There are 4 protein chains.
Amino acid sequence: MFIELDLQSEVPIYTQLVEQLLEGMANGQLKPGDPLPSVRSLAADLGINLHTVNKAYQVLKQDGFLQVHRKQGVVIQTGEMPGITTEFQEKLARQLKGMAAEAAVRGMQEIEFADMCSAVYRQIKEQGADR
Amino acid sequence: MFIELDLQSEVPIYTQLVEQLLEGMANGQLKPGDPLPSVRSLAADLGINLHTVNKAYQVLKQDGFLQVHRKQGVVIQTGEMPGITTEFQEKLARQLKGMAAEAAVRGMQEIEFADMCSAVYRQIKEQGADR
Amino acid sequence: MFIELDLQSEVPIYTQLVEQLLEGMANGQLKPGDPLPSVRSLAADLGINLHTVNKAYQVLKQDGFLQVHRKQGVVIQTGEMPGITTEFQEKLARQLKGMAAEAAVRGMQEIEFADMCSAVYRQIKEQGADR
Amino acid sequence: MFIELDLQSEVPIYTQLVEQLLEGMANGQLKPGDPLPSVRSLAADLGINLHTVNKAYQVLKQDGFLQVHRKQGVVIQTGEMPGITTEFQEKLARQLKGMAAEAAVRGMQEIEFADMCSAVYRQIKEQGADR
DNA sequence: GTGGTCTAGACCACG
DNA sequence: GTGGTCTAGACCACG
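Residues numbered from 1 in each chain as written. Chains lettered and ligands numbered in written order. Predicted model: local features only at pLDDT ≥ 70, side-chain atom pairs only at ≥ 80, totals over all residues. Heavy atoms only, no water.

J.: Help me get a handle on the packing of aromatic side chains, residues and values and all.
T.: Tallied over the full model, the rule gives 4 aromatic pairs over all chains. Seen in terms of ring centroids, Tyr121(A) and Phe113(B) are 5.8 Å apart; in terms of plane orientation they differ by 35°. Their pairing is tilted. Highlighted residues: Tyr121(A) in helix H5 (residues 110-127) and Phe113(B) in helix H5 (residues 110-127), drawn from two different chains. Like Tyr121(A), the residue Phe113(B) is buried in the burial classification. For Lys55(A), the ring lying beneath its charged end belongs to Tyr14(A), and the centroid distance is 4.5 Å. (Phe/Tyr/Trp six-rings, centres within 6.5 Å; stacked < 30°, edge-to-face > 60°. Helix = DSSP H or I, 4+ residues; strand = E, 2+ residues; numbered from the N terminus. Buried < 20%, exposed > 50% of the residue type's maximum accessible area, 1.4 Å probe, protein only. Lys NZ or Arg CZ within 6 Å of the ring centre and 35° of its normal.)

J.: Could you give an account of the protein's contact with DNA strand F, naming the residues involved and the relevant values?
T.: Taken together, 23 residues lie near DNA strand F, and His51(B), Ile13(D), Tyr14(D), His51(D) and Thr52(D) sit nearest. In DNA strand F, atoms within 4 Å of the protein come from the sugar-phosphate backbone in 67% of cases. The contact in question runs from a phosphate oxygen of DNA strand F to an N or O atom on the side chain of Gln58(B), over 3.2 Å. Separating a sugar or linking oxygen of DNA strand F from a side-chain N or O atom of Arg70(D) is a distance of 3.1 Å. For the surface near DNA strand F, the class distribution of residues is 9 nonpolar, 9 polar and 5 charged. (Near = heavy atom within 4 Å. Polar contact = N/O pair within 3.5 Å; in protein donor to acceptor, adjacent residues only side chain to side chain. Nonpolar A, V, L, I, M, F, W, Y, C, P; charged D, E, K, R; others polar.)

J.: A description of the pairing of strand S1 (residues 66-69) of chain C should follow, citing residues and the corresponding values.
T.: All names here are of chain C. Relative to strand S2 (residues 73-76), S1 runs antiparallel, the two being bridged by 4 bridges. Note that in S2 the partner of Leu66 across the bridge is Ile76. The hairpin formed by S1 and S2 contains 3 residues between the paired strands. (Pairing = 2+ DSSP bridges.)

J.: How would you sum up the domain arrangement of chain A? Please name residues and give values.
T.: Once the domains are mapped, chain A shows domain 1 (13-76) and domain 2 (86-127). Centre-to-centre separation of domain 1 of chain A and domain 2 of chain A, based on C-alpha positions: 26 Å. (Domains from an automatic or database assignment.)

J.: Requested: an account of the pattern of salt bridges, with residues and values cited.
T.: Applying the stated criterion to the full structure yields 12 salt bridges over all chains. In this structure, Glu102(D) engages Lys91(C) in a salt bridge whose closest nitrogen and oxygen atoms are separated by 3.0 Å. Placement of Glu102(D) in helix H4 (residues 86-105) and of Lys91(C) in helix H4 (residues 86-105) is noted, with the two residues assigned to different chains. Residue Glu102(D) is classed as buried on the basis of its relative accessible area of 7%. Look at Lys91(C) and you get partly exposed, because its relative accessible area is 27%. Arg122(C) is paired through a salt bridge with Glu110(D); the nearest N and O atoms lie 3.0 Å apart. One end of the pair, Arg122(C), is in helix H5 (residues 110-127); the other, Glu110(D), is in helix H5 (residues 110-127), on a second chain. Glu110(D) sits in the partly exposed class, given a relative accessible area of 23%. Through salt bridges with shared partners, one network takes in Lys91(A), Glu102(B) and Arg106(B). (Salt bridge = Lys/Arg side-chain N within 4 Å of Asp/Glu carboxyl O.)

J.: Report on the UniProt feature "domain: HTH gntR-type" (unreviewed entry) in chain A, specifying residues and quantitative values.
T.: Taking the numbering used here, the UniProt-annotated feature "domain: HTH gntR-type" (unreviewed entry) corresponds to residues 11-79 of chain A. Helix makes up 51% of residues 11-79 of chain A and strand 12%, whereas the separation of the span's terminal C-alpha atoms amounts to 30 Å. (UniProt positions renumbered as here; feature names shortened; annotations may be inferred.)

J.: An account of the relation of the copies chain B and chain A is needed here, citing residue identities and associated values.
T.: Once chain B has been moved 0.1 Å along the axis and rotated by 180°, it coincides with chain A to within an RMSD of 0.2 Å. The transformation just described matches what one would write down for a two-fold rotation axis. Taking C-alpha positions as reference, the residue of chain B nearest the rotation axis is Ala114(B), located at 2.6 Å. Of all interface residues in chain B, 100% are interface residues in chain A too; the two copies therefore contact each other through one and the same surface. (Least-squares fit on C-alpha atoms with pLDDT ≥ 70 in both. Contact = heavy atoms within 4.5 Å.)

J.: Describe the protein's contact with DNA strand E, and please don't skip the residues or the numbers.
T.: Near DNA strand E you find 23 residues, and of these Ile13(B), Tyr14(B), His51(B), Thr52(B) and His51(D) are the closest. Taken together, the sugar and phosphate atoms account for 67% of what DNA strand E places within 4 Å of the protein. Between DNA strand E and His51(B), the relevant distance is 2.9 Å, taken from a base oxygen to a side-chain nitrogen or oxygen of the residue. Listing elements by their share of the surface near DNA strand E, those giving two or more residues are helix H1 (13-26) and helix H3 (50-62) of chain B, helix H1 (13-26) and helix H3 (50-62) of chain C together with helix H2 (39-46) and helix H3 (50-62) of chain D. Looking at the surface near DNA strand E, its residues break down into 9 nonpolar, 9 polar and 5 charged.

J.: A description of H1(C) should follow, citing residues and the corresponding values.
T.: Residues and elements named next belong to chain C. Compared with an ideal rise of 1.5 Å per residue, which puts 14 residues at 20 Å, H1 spans 20 Å between its outermost C-alpha atoms and is within 8% of the ideal. Burial analysis of H1 places 11 of its 14 residues in the buried class, which makes it a mostly covered element. Looking at H1, one finds that the buried residues are Ile13, Gln16, Leu17, Val18, Gln20, Leu21, Leu22, Glu23, Gly24, Met25 and Ala26. Gly28 sits one or two positions beyond H1 and adopts a positive phi of about 90°. (Expected span 1.5 Å × (residues − 1).)

J.: Give me the lowdown on H4(D), citing residues and values where you can.
T.: The terminal C-alpha atoms of H4(D) lie 28 Å apart, and with 20 residues this matches the ideal 28 Å at 1.5 Å per residue to within 8%. At Lys97(D), H4(D) shows its maximal bend, which comes to roughly 30°. Those residues of H4(D) that sit buried are Phe88(D), Leu92(D), Leu96(D), Gly98(D), Met99(D), Ala100(D), Ala101(D), Glu102(D), Ala103(D), Ala104(D) and Val105(D). On its buried face, H4(D) is in contact with H1, H4 and H5 of chain C together with H5 of chain D. One or two positions beyond H4(D), positive phi appears at Gly107(D), with a value near 95°. (Bend = angle between axes of the 7 residues up to and from the residue.)

Dropping the structure here:
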């Protein structure tokens with residue numbers, strides 16, 4: 001699985017990592033039980049700080065996407081994956097709001113906005129189809 | 001126009017302000033040429049520092065949503081509003097990506113995701129319909 | 001003589017006025033002894049504050065481009081026009097510096113920069129030729 | 001690299017900083033990828049507030065001359081430097097206009113004006129030649 | 001340690 | 001009165 005970080009981005013590196021791991025889970029490259037590299041090795045591979053990788057793992061573990069096995073190390077959640085909680089929907093709505101507002105002001109119609117959202121979703125799902 | 005800030009939020013105050021002003025423009029409560037309160041008075045109203053208001057205004061000015069008129073102070077852009085630039089589309093796609101990925105992993109289907117995006121968009125537009 | 005002000009510009013209105021009056025003198029639309037409108041009437045014409053017009057006139061008078069006659073009001077300098085003083089050259093060099101630096105960083109060659117300067121100069125002179 | 005500020009000047013300190021950093025880039029003292037001092041250390045060195053330094057950096061970042069790297073701090077743009085955009089040409093023409101007008105009124109000929117522009121440009125470039 | 005954000009307070013040019 | 005600039009000081013997320 002490719003992980004690409006933009007060190008110039010204003011998005012924190014650990015957030016970029018979280019998002020890309022979620023994308024991997026979304027498109028099937030990462031399946032329940034799949035092991036993730038150790039904090040140390042991933043940090044070395046990506047050329048970033050240990051703490052940064054650790055923080056990303058912690059965030060994902062906190063939300064229930066990862067679990068830490070004594071022996072196998074960090075693996076993708078084998079039990080029940082987190083579902084569409086109210087909390088998540090609220091977070092989603094909150095984040096979408098700002099984007100929808102700017103889109104609307106810029107003249108993007110509702111259907112265009114929805115299409116773009118669909119397209120982005122589909123793209124993520126399909127990234128893994130050919131691998 | 002109501003502006004509601006969450007001072008405890010991890011979202012910077014000036015960003016919240018930017019978003020709410022954009023919502024106002026999206027739903028018609030703020031129209032081209034409409035004057036905005038001075039940084040001082042808005043800051044006083046909201047109970048925040050004038051620099052924070054100023055930063056929000058600067059961001060919106062920078063992107064072309066506001067203009068600073070030497071006689072009328074800060075007003076909503078009277079000329080051409082910023083359109084759907086490539087730059088904007090890229091920013092939108094980038095931001096949607098992380099959200100779409102988490103939504104997918106949590107089991108939200110493409111259509112549900114798109115519907116949610118539509119709903120948020122519509123809600124913003126309709127907020128202003130009855131005023 | 002046309003005077004066009006940009007109230008959205010970050011350049012102070014009085015400065016814009018000063019510059020346009022200087023352009024008028026440069027291209028011959030305003031000749032030594034020519035009367036300028038009274039502060040009051042010019043302010044009314046341009047829809048700006050009395051103080052603003054007054055400040056522009058003061059600046060030009062201060063530098064010797066205008067003189068104030070008891071009877072005829074404000075007129076273009078009939079005596080010796082200010083020349084190329086060391087002070088002026090220093091001001092010019094100081095202002096050119098920032099522009100030349102940015103031009104150079106953006107890849108504009110010396111000759112292109114000089115050509116652009118020439119072109120602007122010529123354009124000012126020629127504006128008045130056909131009137 | 002020497003940075004000299006005139007705290008008495010009517011030119012804002014952050015503008016002076018911007019111009020001198022651009023000069024450094026123009027004459028080769030600052031090359032792509034070169035790190036800049038942190039806002040704190042430069043502010044301390046120059047005896048000014050860190051916000052003032054920050055503003056200068058923000059302006060240069062906004063225009064694409066600097067980038068903020070999450071690991072290496074602020075560095076000179078490593079990608080493509082901003083080119084001679086229409087926007088820049090317009091800004092340049094606008095600023096030159098006022099200076100050319102006054103120069104013309106003071107009796108400076110077109111060629112003298114262009115020579116002066118050339119000289120200033122050359123001087124900036126050559127400042128770095130011997131280092 | 002670094003940039004980003006926020007506050008409080010001040011002065012000034014402009015109009 | 002208004003925005004622009006500047007200072008001093010503080011906290012925080014990030015790495």
